[in-house]
Amino acid sequence: MKPIALITGATSGIGKASAQALASDFFLILCGRRRERLEALANELQVKTDVQILNFDVRDKEDVFKNIDGLPSAWKDIDVLINNAGNAHGLSSFHDGSLDDWEAMIDINLKGLLYVSKAIVPDMVHRKKGHIINIGSIAGIDVYPKGNVYCASKSAVDALTRGMRQDLNEYGIKVSEIKPGLVKTEFSKVRFKGDTTRAERVYKGFSPLSAQDVAEVISFMITRPAHVNIADLLLLPTAQAGSTIVYKDQASI
Ligand code: NDP
Ligand code: 8X3
């Protein structure tokens, strides 16, 4: 019997790579909106471990609870929760920003994380056991121009992580946050609403982190001994020294 890890945003990027990295040592609950991708990943990983898929939008409070509460009894004791689902929507000066984009980022990155956690953490408290990994960002601690609401949503994840760690401390539950810098995933494609040329440009002229780089660190965080909690970790590509400081090879941009 392996411990159970639930990963939100497992259809792409960091969440998918985390599922692949954890498959040997964990039973997996893979969550996301794109069902076909969940099914393809489940098929890939089923040779290594047992997999459940949950197909919901983290913004839909009722659906979050319905899906998680509806897990088969053998899957209810979730040991590790990876709150990864999230994205940036748009990159605009504050006064030009779209209300729809703002609401998407707050609803997904913050409220979605709250709904999923509320559906899972009370059981961890009851069992006095569990590990929550929140995916924050360098954006949550180093605001950059036009990042405004995305940065605010990740800053909220940072504050919330610290609050959760305090409140869950007496129950022996680990709460950790990893704050990656630039990771080449579908993140910029989503931010720029499908403009792949603009998205590709973000990662030109330097070596960004890969989703696998981040997943390896998440896997390391999760597999530390019971008395060790890597509470807060900033993970950057070597070329990055801050949200706006990235050393690029100008000739290849
Ligand atoms: P991707 O776009 O590759 O993956 C995002 C994942 O989130 C997808 O699996 C997507 O699944 C899921 N998701 C998005 N919206 C929803 C929703 N409403 N309901 C359920 N799932 C949703 O980006 P990344 O892998 O880069 O992003 C993962 C996390 O890492 C995010 O929280 C992001 O903010 C953070 N991060 C990313 C960095 C980067 O540079 N890439 C750096 C620092 C942090 P689906 O669309 O199928 O629902
Ligand atoms: C994603 C990294 O710098 O594009 O959180 O906001 S950044």
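Residues numbered from 1 in each chain as written. Chains lettered and ligands numbered in written order. Predicted model: local features only at pLDDT ≥ 70, side-chain atom pairs only at ≥ 80, totals over all residues. Heavy atoms only, no water.

Participant: Please clarify how the side chain of asparagine 109 should be interpreted in this entry.
Facilitator: Counting through the fold element by element, asparagine 109 comes out in helix H4 (residues 99-127). Judged by relative accessible area, asparagine 109 falls into the buried class, the value being 2%. Of the polar contacts made by the side chain of asparagine 109, one reaches the backbone oxygen of asparagine 87; its length is 3.0 Å. Among the polar contacts listed, one links the side chain of asparagine 109 to the side chain of serine 153, at a separation of 3.1 Å. (Helix = DSSP H or I, 4+ residues; strand = E, 2+ residues; numbered from the N terminus. Buried < 20%, exposed > 50% of the residue type's maximum accessible area, 1.4 Å probe, protein only. Polar contact = N/O pair within 3.5 Å; in protein donor to acceptor, adjacent residues only side chain to side chain.)

Participant: Explain the pairing of strand E6 (residues 174-180) here, please?
Facilitator: Looking along a regular strand, one sees side chains alternate from face to face of the sheet. The element E6 is largely enclosed, with a buried count of seven among its seven residues. On E6, burial covers both faces: Lys174, Ser176, Ile178 and Pro180 on one face and Val175, Glu177 and Lys179 on the other are all buried. With five bridges joining them, strand E5 (residues 131-135) and E6 adopt parallel strand pairing. Bridging from a neighbouring strand, histidine 131 pairs with lysine 174 of E6. Read from E5 through helix H5 (residues 148-168) to E6, the crossover connection turns out right-handed. Across four bridges, the pairing between E6 and strand E9 (residues 232-235) is parallel. (Pairing = 2+ DSSP bridges. Right-handed = clockwise from strand over helix to strand, strands pointing away.)

Everything listed is a geometric property; what it means functionally is a separate question.
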